[in-house]
Amino acid sequence: MADLIVRVQDLTKKFENTVAVDNISLEIGSGEIVGLLGPNGAGKTTLIHMLLGILLPSQGSIQIFGLDLASHREEILAHANFSSAYVMMPMSLSPWQNLNVFAKLYNIPHSGEKIEWALKKMEIWDLKDRATRGLSSGQISRLNLAKAILNDPELLLLDEPTASMDPDIADKTRRILKEIQKEHRMTILYTSHNMAEVETMAERVFFLNKGKIVAEGSPKELQNKFNQGTLEEVFLKIART
Amino acid sequence: MTSLANHQPLTTNHCLIRIWAVLLRHLYLYPKSASRIMEIFYWPVLDLLVWGFLTLYIVQHPNGISRFSGYLLGAMIFWDMLFRSQQAISISFLEEVWSRNLLNLFTSPLKPIEFLLATMTLSFVKLLTAGAVTVFLAWAFFSFNLFKMGTYLFPFVLNLVAMGWAVGIVTTAIILRYGERAEVMAWGLALLIQPFAAVFYPVSVLPWFLKPVALALPATYIFEGMREVLMAGNLNPKQIWIPTLLNGFYLFMAFLFFKMMFQSARIHGRLTKLGE
Ligand SMILES: Nc1ncnc2c1ncn2[C@@H]1O[C@H](COP(=O)(O)OP(=O)(O)OP(=O)(O)O)[C@@H](O)[C@H]1O
Ligand SMILES: [Mg+2]
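Scoring rules and cut-offs
- Residues numbered from 1 in each chain as written.
- Chains lettered and ligands numbered in written order.
- Predicted model: local features only at pLDDT ≥ 70, side-chain atom pairs only at ≥ 80, totals over all residues.
- Heavy atoms only, no water.
- Core = buried A, V, L, I, M, F, W, Y, C linked by side-chain atoms within 4.5 Å.
- Buried < 20%, exposed > 50% of the residue type's maximum accessible area, 1.4 Å probe, protein only.
- Helix = DSSP H or I, 4+ residues; strand = E, 2+ residues; numbered from the N terminus.
- Contact = heavy atoms within 4.5 Å.
- Pairing = 2+ DSSP bridges.
- Buried area = accessible area lost by both parts, 1.4 Å probe.
- Salt bridge = Lys/Arg side-chain N within 4 Å of Asp/Glu carboxyl O.
- Nonpolar A, V, L, I, M, F, W, Y, C, P; charged D, E, K, R; others polar.
- Near = heavy atom within 4 Å.
- Polar contact = N/O pair within 3.5 Å; in protein donor to acceptor, adjacent residues only side chain to side chain.
- Areas by Shrake-Rupley, 256 points an atom, 1.4 Å probe, with all protein chains shown as cover.
- Axes fitted to C-alpha atoms, helices over the stretch in contact; angles between N-to-C directions.
- Left-handed = near helix turned anticlockwise from the far one by under 90°.
- Patch = residues over 30% accessible without salt bridge, like charges linked within 9 Å, V, L, I, M, F, W, Y side chains within 5 Å.

### Examining the nonpolar core
Proteins that are soluble and globular tend to have nonpolar side chains buried together. Counting 160 residues, the largest nonpolar core has Phe207 of chain A together with Phe78, Trp79, Phe106, Met149, Phe156 and Leu176 of chain B as the members making the most contacts within it. The leading source of residues in this core is helix H7 (residues 153-178) of chain B, at 15 residues. Discounting residues that sit within four places of it in the chain, phenylalanine 156 of chain B has contacts with Phe78, Met149, Ile222, Gly225, Met226, Val229, Leu235 and Ile240 of chain B.

Structure representation (structure tokens):
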């Protein structure tokens, strides 16, 4: 495997009465696009939040870019980014103003050009001066993604990034993400409930169920292993056993 | 005739049931939430204490009142500075909760302390702007000149702001811990100290067992000091350095408390659930 970007060892997260992530170990190499699949409540979001340091593990360790997350949080986060269909941005600011705030937080040089680049990439440049409140939920998702690529992250964590997009925009977004990923050799870990999307995007997939990794491999490998025609059928098989 | 016309006419009964439905939606909140139950009593009880002690002072000093009333405006302006300084901090945090922006902020390299320093700066700017207007209006309409306090004004205002910061940071930490249930604190935790901080009456009015509480609050020294300066024109330096030390201590403790609550939020996954 190329340079290791993410290395998770024996990671566990317990909440009061659930074990959300149960003794997971995984490695992700530089430039990989990795899908994180699993039924509702499997622990995908919990894992991503731990990789971002906003949730502390109960046990285990996380190394990103070869650094220990617990002791190098800010350094790591400066080179990573995150987007989710379930976060928003201040609604009374315009997309441009919102991105300008994040450009400062990530200390981005020539921020004006970078913001323009990100908004144009996500095809919402013409909305830049409107109130974010007036954007549709799919447009807000694209604004979130524009934020997520603003600092040319080496590691991009995406939690259901295309959840509220129409098929056309979701398709475009996937293509844009792949394009940027190639240009910048970005590593992407993302969750999705859209199996067709995962098949086109991910080179490798981790299947989570009840906090454990129950299967791992390329979409093709998984289809062969579980003897199913599509990833969707693999999903159903794993989720229902 | 449309089919709607065949329906029964709207009866009072339907109307009552719908009113009950909305009422129920609110009543469901109370058994689970001590803070909501407290909220019912919070404002009236605190108001009663403040006005009660003020009445007590007036009754005890029938002659003092005319002299004393000249300082009411100063007390009000000063109190507002403390109160707004607290509110600005906790409301800034709540705005991030309401706009579901917390995750965006705290997945960036931003440190919690940097977040607090930004809200403190905002609170200071807001307060100077509002202060300038009220001070001008007090002078223009009521011939009350706050600048009569001369250079004492600076340590007074800075101490009030610092205390507002400390209370604001504690409030924010409590919201981080208890979530929206604690939102009421954002609007009025500072009010909790008002009856004891000698805002509108001297500490001497308070019963003996409340005096230690008053003397532990930096604001008490400022309000007493303000009256002393306006009356006598000068001030025992004690009235400045005691609250300054107290504020330093409280601010330090407030930061520490916030840090603890932030850490605990990262353990229990509260940061990710706030505002959802
Ligand atoms: N802050 C929290 N406190 C308590 N339990 C939590 C918390 N966050 C998540 N959980 C629990 O942990 C488990 C995993 O949740 P998680 O959000 O990671 O699932 P997920 O795989 O992202 O599911 P989905 O596909 O629905 O988004 C669930 O059982 C959930 O109830
Ligand atoms: Mg999830």
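### Brief notes about the pairing of strand S7 (residues 155-159) of chain A
Residue and element names in this part refer to chain A. Of all the five residues making up S7, five are buried; the element is thus mostly covered by neighbouring parts of the structure. Burial along S7 is two-sided: Leu155, Leu157 and Asp159 and Leu156 and Leu158, pointing in opposite directions, are all buried. Judged from the five bridges that link them, strand S6 (residues 80-84) and S7 form a sheet pairing that is parallel. Each bridged residue has a counterpart across the sheet, and for alanine 80 the counterpart in S7 is leucine 155. As judged from the five bridges shared by S7 and strand S8 (residues 187-191), these two strands associate in the parallel manner. The residue bridging leucine 156 from the neighbouring strand is isoleucine 188, located in S8.

### Quick notes on the interface of chain A and chain B
Interface size is commonly expressed as the accessible area that is lost once the parts come together. Listed per partner, the contact involves 24 residues of chain A and 20 residues of chain B. Between chain A and chain B the total buried area reaches about 2100 Å² when both faces are included, carbon and sulfur atoms providing 59% of it. The largest contributions to the chain A side of the interface with chain B come from Ile54, Leu56 and Leu105 of chain A, which together make up 27% of the buried area. Our enumeration of links across chain A and chain B arrives at zero salt bridges. If you list the elements that add at least two residues to the side of chain A that touches chain B, you get strand S1 (4-15), helix H2 (73-78), helix H3 (95-105) and helix H5 (137-149) of chain A. The leading source of residues in the side of chain A that touches chain B is H2 of chain A, at four residues. Of the residues that constitute the side of chain A that touches chain B, the class distribution is 16 nonpolar, three polar and five charged.

### Looking at the pattern of salt bridges
Residue and element names in this part refer to chain A. Per the stated rule, a full pass over the model turns up 15 salt bridges over all chains. Arginine 174 is the salt-bridge partner of aspartate 171, the closest N and O atoms lying 4.0 Å from each other. Of the two residues, aspartate 171 and arginine 174 are both situated in helix H6 (residues 167-184); the distance of three residues between them amounts to about one turn of the helix. Classification of arginine 174 as buried rests on a relative accessible area of 15%. Each member of the salt-bridge network shares a partner with another, and the members are Asp171, Arg174, Arg175 and Glu197.

### Considerations on the environment of asparagine 227 of chain A
Residues and elements named next belong to chain A. In this fold, asparagine 227 is placed in the loop between helix H8 (219-225) and helix H9 (231-239). Given the relative accessible area of 68%, asparagine 227 is considered exposed. Residues asparagine 227 and asparagine 107, spaced 120 residues apart in sequence, show a C-alpha to C-alpha distance of 49 Å.

### Some remarks on the environment of leucine 99 of chain A
Residue and element names in this part refer to chain A. As for its placement among the helices and strands, leucine 99 is situated in helix H3. Along the primary structure leucine 99 and threonine 200 are separated by 101 residues, whereas in three dimensions their C-alpha atoms are 29 Å apart. Setting aside chain neighbours within four positions, we find leucine 99 in contact with Ile115, Leu119, Leu143, Ala146, Lys147 and Leu150.

### Focus on the site of ligand 1
Taken together, the neighbourhood of ligand 1 is formed by 16 residues, with Gly41, Lys44, Thr45, Thr46 and His193 of chain A sitting nearest. One finds residues of chains A and B in close proximity to ligand 1. Within the side chain of asparagine 40 of chain A, a nitrogen or oxygen atom sits 2.9 Å from an oxygen atom of ligand 1. Interatomic distance of 2.5 Å between a side-chain N/O atom of threonine 46 of chain A and an oxygen atom of ligand 1. The fraction of the free accessible surface of ligand 1 (630 Å²) that becomes covered by protein chains is 72%. Those elements that place two or more of their residues in the shell around ligand 1 are strand S2 (18-29) and helix H1 (44-51) of chain A. At three residues, the largest contribution of residues to the shell around ligand 1 is made by H1 of chain A. Residue composition of the shell around ligand 1, by class: four nonpolar, nine polar and three charged.

### A short note on the sheet that holds S8 of chain A
All names here are of chain A. Taken together, six strands build an open sheet; the order of strands is S6-S7-S8-S3-S9-S10 and the sheet is mixed. Because the sheet does not close on itself, it has two edges, and the strands there are S6 and strand S10 (212-217). Put simply, the sheet's adjacent strands are angled 15° from each other on average, direction ignored. Where H1 meets the sheet, it contacts strand S3 (33-37), S6, S7, S8 and strand S9 (204-209), and its direction lies at approximately 150° from that of S7. Running at roughly 175° to S6, H5 makes contact with S6 and S7 of the sheet.

### Things to note about the side chain of serine 94 of chain A
Residues and elements named next belong to chain A. Within the secondary structure, serine 94 sits in the loop between S6 and H3. Judged by relative accessible area, which is 7%, serine 94 ranks as buried. Once residues lying within four places of it in the same chain are set aside, the contact partners of serine 94 are Lys128, Asp129, Arg130, Ala131 and Thr132.

### Here we look at the packing of helix H4 (residues 72-98) of chain B against H7 of chain B
Residue and element names in this part refer to chain B. Here H4 crosses H7 at 35°, and the two axes come no closer than 7 Å. The handedness of the crossing between H4 and H7 comes out as right-handed. Looking at side-chain class alone, the contact of H4 with H7 contains 17 nonpolar, seven polar and no charged residues.

### Some thoughts on a nonpolar patch on the surface
All names here are of chain B. Residues Val133, Phe136, Leu137, Trp139, Phe141 and Phe142 make up a contiguous nonpolar surface patch of about 680 Å² in total accessible area. Structurally, the position occupied by valine 133 is in helix H6 (residues 112-142). The exposure class of valine 133 is partly exposed, given its relative accessible area of 47%.

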